[in-house]
Every structure is written in C-alpha cells, then in structure tokens.
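Per-entry structural report
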Amino acid sequence: MTRILAVLGPTNTGKTHFAMERMLAHASGMIGFPLRLLARENYDRVAKLKGAASVALITGEEKIVPPHPRWLICTVESMPLDRRVAFLAVDEIQLCADSERGHIFTDRLLHARGDAETLFLGAETIRPLIRRLVPGVEFLSRPRFSQLTHVGAKKLGRLPPRSVIVAFSAAEVYAMAEFVRRSRGGAAVVLGALSPRTRNAQVGMYQAGEVDYIVATDAIGMGLNMDVDHVAFASLRKFDGRAPRPLEPTEIAQIAGRAGRHMNDGTFGTTMEAGTIPPEMVEQVENHRFDPLKNLYWRNADLRFASAPALLASLDRAPDKPGLLRARDADDQLALAALSQDEEIIRLANHPERVRLLWEVCRIPDFRKVMDESHTRLLGRIFRHLAAPAGRLPSDWLAENIKRIDRTDGELDTIVARIANIRTWTYVSHRGDWVADSAHWQEVTRGVEDRLSDALHQRLTNRFVDKRTAVLVRRMRDDSAMDAEIRPEGEVRVEGEYVGRLAGFRFEADKAETGAAARTMLAAALRALQPEVERRLAQALSDPFETFDLGPGGLSWRGEPLARLGPGADALHPQVEAPLGDLLSPAGRERLRKRLGEVAQSWLAARLPSLFRLAGAPLTGPARGLAHQIAEGLGSMPGGESLVRSLSREDSQALARLDVRVGRHGLYIPVLLKPKAQELRALLWSIHAQAPAPEVPGPRPAVMAAEGVPKDFYEAVGYGVMGKVAIRRDVLERFAALARAASHHGAFQPDHAMHSALGLGPAATESMLEALGYVRTGDGFRTGRKPRRKVRPEKPSDSPFAVLRQKI
C-alpha cells in the first residue's frame, strides 16, 4: 500500500528539493509542477544528474520522452496517470482552491498515487481538507529557512537594490519599469504572458547584475528562484477575471516569499502609492499563519461520451463529498458548450469516439487567456478536419496558420499575442494522432516561439534597460516628487516643462530630454496618463464611425493612429490587429480591437455601398457565385462570352439592379471605377496582399502594364491586362465593341484617332488588339470572318476610334 505524505510549509522551505530527492531514490517516479517553467527547470537538473535517457519531460507544449525513462517531470495537467510509477508527487497542492485550475489539482489529490510513495507539497492552509479527503495521509511540516519582515511603504525611487516591484497589469508593469529605467538605469520585466525563454532571459539579466530591479506581475510568486532582498507591492488589489478585489493574505505571502531565499532574510512592503498592508495581515505573513481553506474546487472526472449533451451533463455533476465545490465552467467546458450549438459539429460528433475527440479538441488551451469567439472558431475548424475521412490536420493548413504568426515586427503586446498563438499550435503539434510528422511540426513551432521570445526579450531590454548609465543611476538617490499634468490636446508637462505628448494611446517622449532628471520626469508623466487613457478609451468606444479614418497606416481616430490592418478572410474584410500603444489594459485593448473591427466595416460600407450591397444580396445560382467573385475582386472580374451566355435573363437583370455591368470581357461596377474608389480598392488590395500598392492609374483609361506589378492589382482597381496594356474595364468593353464594328468591313488599321484616344503608342495598341483575338495580316487586323458589307473608304471623322475618343 502506498505511503501518502503531505509536506506542508511556506515558501523557501526546501519542499521541492525534498520531493526530488525522494523521487530519485525510487526506481521510477513522476512529479507534477504547476508551471511549464518549473517542469523544464527540474527536468534539466535531473537530466544533468542522471542522464537524458533516464528522464522525460511532459508538458502541454513540450515533450521529451526517451524510449525507457525512469522518471517523468510534468506539468500537473499533463501527468500521464495511466502509467504506474513507484513514486508520485504534486507540487503546490493548495492550488486545489484556485478557481480556474483547482479542479485539476483536486483530481490529482483524490486519485493520483504512486505504488510505494505519494507526496503532496504545498501550504499549511490545505491541511484540514487533505486530512478529511485523503484517508491514511501523514503530514510533515517544513519551517522557512529565512526570516521575512515587513518594512512598510517606500517611495518607488527609494527602493533598495535587489528589489522586485509587483503590479497587476501589463500597463502598470510597463509604467513602473519605465520609471525605474529613467531613475535607476533599468529593470527586468516578468509577466505571466512571457514564454519561459523570455522570462529566463529577463531574470538572467537581473541575476547577472546588469539591472538591480525586477518589475513583475504576480507571476513572480511561483516558479522563479532569485536573489531577491525586498518585494514591494505597487498595488494591493488585483483583477481576478471578474472584478477588482483586495489581495488575500496567502497571495501576499506567496509573492513576498520571493524575498530572502535559502538562509538570507528578506523584507516586503508597498510603494507609497499603494498604501499600507493592514497590521493583522502583516502578522499573518510574517508568522505564516493563515486561515485554513474551507473548500476545494472539483469537477467530475467520470465523463459520459454518449453525446455532446451527455458530456456536458456529466461535467455539471455536483460533488458528493463535503469540502468540495463544483468548479465554475472552465474554458474547455465553455468551448464545448459553444460548439454544441453548431449543427454541423453535433452531426459529426455522432458516436462516443467522436464525442471524445471533440472533448480533446475543446481542451486545447487559449494561451491568450481571453477565450473569445476566434478561439472557439479555431477549435471548430480543427475538429472538422479531424472528423474528416483523413482524420488529420492538413499540413498546408498548419503551415499557413503558423506562417502568419512567424513575424517579429510590432510592439510588445503584438509579440506577446503571437507567442500565445504559437503556443496553441505547439500544443497541437504534440498530438501525433492529429498531425502528420509530429516531430517536424514540433520543431517548426518551437523555432517560431524561440524567435518571438528572443525578439520580445530584445524589445523589453531596449525599452526598459539603459545599460550605459545603469551603474551611475544606481548610485543616485532622488526622492523629490514631481507634479505631472496632461493637457486636453495630448501635451504632457512635468513641473511645467514639456516632455512629450500622448498620441492616441501611445506616449511619445520628447527626444530632446536627456539625463537622469529627465528620465524621472518622464516616468512621472507616465503615471499621469492613465486617467486620460481611460477617458480616451471610453470616447473611442462610443464615438460614431465618422470620427475614424482608414488609410495606408491603418485605422486612425481624430487624426491619431490607433491600429494596423492585416489580411482577413478576403480583401473586403481586413482584420484589425492589436491596437497600438502599451497603455491599455488587456481587457481595454480587446474591447477597442472589437470596436475597431466594427468601425472598419462600417467605414468601408459607407464608401463602397454598391460593393457591400452586392456582397449581401440574396442571389441564387450563377449570379450568386459571380457576385461573390466580384466582391472578392473589389468590384470587377475578368470574363468571357461563355460566361455571359451562362447567365439567364433573370440572373442578368438581378445583377443589373445591383449596378453590375456584364460585358464580353468582364464584369464591373461603374461607380467603383472612379479615382477615389480606385484608391480605396488599391489600399484594400495592399492590406490583403501584405505588399505596398503600386501606383493607381487614376483617371487614365489605359496604361502600359508595369513590369513586376501583379495582374490581380490591376484587376483590384478595375483594370484588365490585355497584352502589354492595362485598360479600364468599361473602356475595354467600348473599345472591343468598336473594334468589332471596324472588323465588319474586313481588315482595318489602328489609326491615329485610336492611339490618341487611349493615350497609347502604336505598338501597345496592336498588342491589345492581338490580346483581344484579332489577327495581324498583310493589309491590317481582321477577325477572319467575311465582311458583312462592302468596305468603303472612311473619313477621319468616321473612324470608330475617333468616336471612342469623344466618348472617353
């Protein structure tokens, strides 16, 4: 019978070290960590000690499994519980009370066992519930190696070296890090959204002494062992996914416990702006005495896969033991509920194996932590591919999605978002039953994540570290307070001096400012920006779309750039990328992105009404297909006589009512051939093609087709390429009609009237006629048909091309 031991105590008690020694003393073992970062760190340690052939790493995004490993280092979610091992351990078991992941830890507490020995590592707060829920458990308390002492509040500029400053949003972290750079020379930045590679690189700078400060979110509270002397809370409230709330004593203790590692004592406190920690809470943290947990989160693990509704019902089952609370709907359950509303998904999930597959797909994490409709749609596409006869994700589809992410340009939040996206594909690549050549895709996604991680580390370092003055700034002690104000027009002043301006949601510093005093002034200005940012956000969310503009630089609002546009499903529906600027919170950024998506479509619909009317028209048959192609072509498309003949009279009338002209050589909407419409069409082509737009022909009826310019660009702005000539669609139809009329007399020669009417030279005109199917003969151009009437001499004024010139 297995021995079950709960090793409990505060941070810095050596619990993990104890568990690793116990595991390696057994012939086989498995340990689950709460973070991929921790799992990788301990895997590297065991691999170095025992050899890579003896140990496996198993996480959602990374798997290194030799043929016969003795020990398995895992994340808690990825522990292969069907594998028998002599020893099993779960770290940070108090996370059973976490509202998001708690049900996973509770399942391990109730069901995960080693054949000889089982260890649960965590805080003393979970002791009563472990005693109640785990029969025969033994307890071992571990005292903290060092003393943790509260030292009250300090000004941000007076914090001692080797300090960690803790904030609870990326915007606050960036503002604090900017302040530290300008007043102390630099800071490392640690966010939960960083990849392990970026996080390790940032912490490595701190450990190497390149910077003396770290600015971090509460992600610092777990998984990082550093030489920290002091932890300062810049806020005592956090947003928990639903609403802002005060920090719990146990949360403060977990984060503050980063100070004073091993035998070195540490201190904790707050910044002046954050207020003070209540005395009773200080006493709890210093003496490691906290109220015991009352409940743990639980979700039924005995799932029914008869159907999607049956699976949802089994997930909703209530716990039958005291001390357990049914977990709130997790992301995988929410995704399943959303996809169950899709009739096609339900039709495909028509037997238990398919339902089980659907559940596995729903468990693909959204590493962006926003769980919006785009992630659910992605899950739906993955399931449809896997439910198809091939049963695998198409390689070209995988490559296309990964290629879109493999870009290192953009601002901090853009790269962070790409890292979150590639982590999803990394997770998928480790499903050998879903993808062909799993090892190849793992290597590809790992390479993309590494490139993005390195780029992010470089961006963070460039922005928040001033290496040239770091040593000097560390010796400075400036405790003077500086007043900052922001004026309605965006001008930012500190102590009455201009230091920069707020453009949209970006702060543009005055480049003329230099020196430590100027850096302090700028950091103070950043603190003053938040109210203005919130006001601007509220206004941008409520303003009508007429206050926005769309141009080559993307979407702008009241003259200030807000976001870039990227390719969407088609050229008419560009996708809004993450709004520019680092001052927005993640929730505010997402709200603004959605609003800008609506604005972009409204703005385009107001300027291209005929195109949007065509795209949404209730057509049927061939007319519907042509309308779709015209909309994708931004208002025109090539065609031929066979296409014209395929249309019924009703189809032609329906298209005519929608302002579509059907010619022998193409279809077009006349109003979209005007210069302003052409410029907008060129812009949409440029966004979708992700390439600079060539020069728009403008009012000219025909131009020489430029070398290297794609034919689809000319088509996108309403020009067809005939031979060496790009000719506007309406002019092409009239030109072709007049050429047919001239050919009825037999052979004809392009005359001066024709050349001057189109503004082309003789060679270009003849090239176009040949493209139209006319044959050059000794006496001119002819169609090969007999003339309908006797050829008569023409006067210059009778030339059909002279008529064409007058019409143009």
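Keep in mind that what you see is a predicted model, and the values were worked out from it rather than measured.

1. Quick look at the environment of Asp 730
- Mapped onto the elements of the fold, Asp 730 is located in helix α26 (residues 729-743).
- The exposure class assigned to Asp 730 is buried, which follows from its relative accessible area of 13%.
- Separated by 607 residues in sequence, Asp 730 and Ala 123 have C-alpha atoms that sit 77 Å apart.
- Discounting chain neighbours no more than four positions away, the residues touching Asp 730 are Tyr 668 and Leu 673.

2. What to know about helix α9 (residues 308-315)
- The buried fraction of α9 is high, at six of eight residues.
- Every buried residue belonging to α9 is among Ala 308, Ala 310, Leu 311, Leu 312, Ser 314 and Leu 315, and all of these are buried.
- Where α9 is buried, its residues meet β18 (324-326), α10 (331-339), α11 (343-348) and α12 (352-362).
- At the N-terminal boundary of α9, the capping side chain belongs to Ser 307, with an oxygen 3.2 Å from the backbone nitrogen of Ala 310.

3. A few points about the environment of Arg 431
- Secondary-structure assignment places Arg 431 in the loop between α15 (412-429) and α16 (438-464).
- Taking the C-alpha atoms as reference points, Arg 431 and Glu 61, separated by 370 residues in sequence, lie 10.0 Å from one another.
- At 3.0 Å, the side chain of Arg 431 and the side chain of Asp 433 are in polar contact.

4. Describing the sheet that holds strand β16 (residues 266-271)
- An order of β9-β16-β13-β10-β12-β11 is seen for the six strands of this open sheet, with the pairing classed as parallel. A single partner strand is all that each edge strand has here, and the edge strands are β9 (148-154) and β11 (188-190). Averaged over all neighbouring strand pairs, the angle between strand axes comes to 20 degrees, with direction disregarded.
- When strand β10 (residues 163-166) meets strand β13 (residues 230-233), the two strands line up parallel, connected through four bridges. Each bridged residue has a counterpart across the sheet, and for Ser 163 the counterpart in β13 is His 230.

5. Quick notes on the confidence of the model for the chain
- Predicted confidence across the chain gives a mean pLDDT of 86, with 90% of residues reaching 70 or more.
- For the chain, helix α17 (residues 470-474) is the element with the lowest average pLDDT, namely 40, and strand β6 (residues 87-90) is the one with the highest, namely 98.
- A low-confidence stretch, residues 468-478 stays under pLDDT 50, and its non-local contacts, those more than four residues away or across chains, total 19 contacts.
- Low pLDDT, under 50, characterises residues 787-797; the stretch is placed with 15 contacts to residues that sit more than four places away or in other chains.

6. Thoughts on the pattern of salt bridges
- Within this structure, the stated rule accounts for 48 salt bridges.
- Arg 3 is paired through a salt bridge with Glu 117; the nearest N and O atoms lie 3.8 Å apart. Taken together, the residues Arg 3 in strand β1 (residues 3-8) and Glu 117 in strand β7 (residues 117-122) connect sequence positions 114 residues apart.
- By relative accessible area, Glu 117 is classed as buried at 2%.
- When the shortest N-O distance is used, the salt bridge between Glu 138 and Arg 3 registers 3.2 Å. In this pair, Glu 138 is assigned in strand β8 (residues 138-141) and Arg 3 in strand β1, connecting sequence segments 135 residues apart.
- Overall, Glu 138 belongs to the partly exposed group, its relative accessible area being 36%.
- Here the salt bridges do not stand alone but share partners, grouping Arg 3, Arg 22, Glu 117 and Glu 138 into one network.

The rules behind each value
Residues numbered from 1 in each chain as written. Predicted model: local features only at pLDDT ≥ 70, side-chain atom pairs only at ≥ 80, totals over all residues. Heavy atoms only, no water. Helix = DSSP H or I, 4+ residues; strand = E, 2+ residues; numbered from the N terminus. Buried < 20%, exposed > 50% of the residue type's maximum accessible area, 1.4 Å probe, protein only. Contact = heavy atoms within 4.5 Å. Polar contact = N/O pair within 3.5 Å; in protein donor to acceptor, adjacent residues only side chain to side chain. Pairing = 2+ DSSP bridges. Axes fitted to C-alpha atoms, helices over the stretch in contact; angles between N-to-C directions. pLDDT = per-residue confidence, 0-100. Salt bridge = Lys/Arg side-chain N within 4 Å of Asp/Glu carboxyl O.

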